[in-house]
Protein chains: 2
Amino acid sequence: MCMQKNNLYKGSLSTIILSLLKEQGKMYGYKITREVEKITSGQMVITEGALYPTLHKLEAKGLLSVEIKKVNNRVRKYYFITEKGKKETVNLLREMKSFIENMEIILNPKLA
Amino acid sequence: MCMQKNNLYKGSLSTIILSLLKEQGKMYGYKITREVEKITSGQMVITEGALYPTLHKLEAKGLLSVEIKKVNNRVRKYYFITEKGKKETVNLLREMKSFIENMEIILNPKLA
DNA sequence: ATTTAATACATAAGAAAGTTAGGTATAGTT
DNA sequence: AACTATACCTAACTTTCTTATGTATTAAAT
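Residues numbered from 1 in each chain as written. Chains lettered and ligands numbered in written order. Predicted model: local features only at pLDDT ≥ 70, side-chain atom pairs only at ≥ 80, totals over all residues. Heavy atoms only, no water.

**A look at the environment of Lys22 of chain A**
Residue and element names in this part refer to chain A.
No. 1: Inspection of the secondary structure puts Lys22 in helix α1 (residues 13-24).
No. 2: We classify Lys22 as partly exposed; its relative accessible area is 29%.
No. 3: Along the backbone, Lys22 and Lys86 are 64 residues apart, and their C-alpha atoms lie at a distance of 6.9 Å. (Helix = DSSP H or I, 4+ residues; strand = E, 2+ residues; numbered from the N terminus. Buried < 20%, exposed > 50% of the residue type's maximum accessible area, 1.4 Å probe, protein only.)

**Quick look at the interface of chain A and chain B**
No. 1: The interface of chain A with chain B comprises 37 residues on the first partner and 37 residues on the second.
No. 2: Taking both partners together, chain A and chain B bury about 3600 Å²; carbon and sulfur atoms supply 65% of that area.
No. 3: There are 0 salt bridges connecting chain A and chain B.
No. 4: Linking chain A to chain B there are 3 residue pairs in polar contact (both at pLDDT 80 or more).
No. 5: Broken down by element, the side of chain A that touches chain B gets its largest block of residues, 15 residues, from helix α4 (residues 83-107) of chain A. (Contact = heavy atoms within 4.5 Å. Buried area = accessible area lost by both parts, 1.4 Å probe. Salt bridge = Lys/Arg side-chain N within 4 Å of Asp/Glu carboxyl O. Polar contact = N/O pair within 3.5 Å; in protein donor to acceptor, adjacent residues only side chain to side chain.)

**Quick word on the packing of aromatic side chains**
No. 1: Taken as a whole and assessed by the stated rule, the structure comprises 4 aromatic pairs over all chains.
No. 2: Seen in terms of ring centroids, Tyr9 of chain A and Phe99 of chain B are 4.8 Å apart; in terms of plane orientation they differ by 80°. Their pairing is edge-to-face. In this pair, Tyr9 of chain A sits in the segment before α1 while Phe99 of chain B sits in helix α4 (residues 83-107), so the two residues belong to two different chains. You'll find Tyr9 of chain A and Phe99 of chain B in the same group, each marked buried.
No. 3: When the ring centre of Tyr78 of chain A is taken as origin, the NZ or CZ atom of Lys69 of chain A, which lies over that ring, is 5.7 Å away. (Phe/Tyr/Trp six-rings, centres within 6.5 Å; stacked < 30°, edge-to-face > 60°. Lys NZ or Arg CZ within 6 Å of the ring centre and 35° of its normal.)

**Re the sheet that holds strand β3 (residues 74-81) of chain A**
Backbone-to-backbone hydrogen bonds join strands into a sheet, with any given pair of strands oriented parallel or antiparallel.
All names here are of chain A.
No. 1: The strand order across the open sheet built from 3 strands is β1-β3-β2, with neighbouring strands paired in antiparallel fashion. A single partner strand is all that each edge strand has here, and the edge strands are β1 (27-28) and β2 (64-71).
No. 2: Where β2 meets β3, 8 bridges bridge the pair, whose relative direction is antiparallel. In the sheet register, Lys69 faces β3, and the bridge partner there is Arg76. (Pairing = 2+ DSSP bridges.)

**Concerning the side chain of Thr40 of chain A**
No. 1: The topology assignment puts Thr40 of chain A in the loop between α2 (29-39) and α3 (48-60).
No. 2: Judged by relative accessible area, Thr40 of chain A falls into the buried class, the value being 1%.
No. 3: From its side chain, Thr40 of chain A meets the backbone nitrogen of Met44 of chain A in a polar contact 3.1 Å long.
No. 4: Beyond its immediate sequence surroundings of up to four residues, Thr40 of chain A is in contact with Asn102 and Ile106 of chain B.

**Quick word on the protein's contact with DNA strand C**
No. 1: Every one of the 25 residues lining DNA strand C counts as a neighbour, but Tyr28, Tyr30, Arg76 and Lys77 of chain A together with Thr47 of chain B are closest to it.
No. 2: Among the atoms of DNA strand C lying within 4 Å of the protein, the sugar-phosphate backbone contributes 71%.
No. 3: Within the side chain of Lys77 of chain A, one N or O atom sits 2.7 Å away from a phosphate oxygen of DNA strand C.
No. 4: Leu13 of chain B places a polar main-chain atom, nitrogen or oxygen, 3.2 Å from a phosphate oxygen of DNA strand C.
No. 5: Mapped by element, the contributors of at least two residues to the surface near DNA strand C are α2, α3 and β3 of chain A together with α3 (48-60) of chain B. (Near = heavy atom within 4 Å.)

Take a look at the structure:
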């Protein structure tokens, strides 16, 4: 209860999507939103208005590929990471790690 | 050498400024940029184009107050945190902490 | 039987928060 | 005399979200 939803810091969504797909294989958009809510106990919410344009952007950049399937008469677009995407994910994860380390230095000991 | 500069995630700048001023007392804008670069070994760079509008915004919101001093014939605007700012900083730090925890869950074990 | 909720995609308008590129001015260094 | 550092500033632009809305199918509730 009282699961306060925390906003994303802008720029982190691509990293989240790519990392998730690199770890868990192919996934469709709606499932990504469910999965992130589930593993963060509802604290982090990916809105669809942010998600779908980002998926399209990552596909256009060649970091993701898509496979359309019909399940229960409903269309699902399964996204999976490309080789180029895997390489870029390494960079994005390094950046995120560096950001977190720097934040811990700056905000220390306030995060304790 | 090779001090790669990492970009800020948008939304984190106010938290950085408020936390720094809460910890270190009053500081002027230019000093804030120097201080952040120093303590992060040049990895995190606060651009002045981002800094000054944010300081003005935080002052307008009543989270910071300002005191103008002249040092060596140069004007310095010393910002310091207000009571309202201290309360807001607690919330912002909680949000940042939550974000980092959630990122560690989502990206785990990729950040190791 | 009809409404509501969940699933599953999408876009468009607007806000927020940065980057980039400029500007002014003084002091100190090459 | 030119350049670097200090110290402030703004404006145009871009990126990346939020909010609101739309379509369509399936399942559950009233």
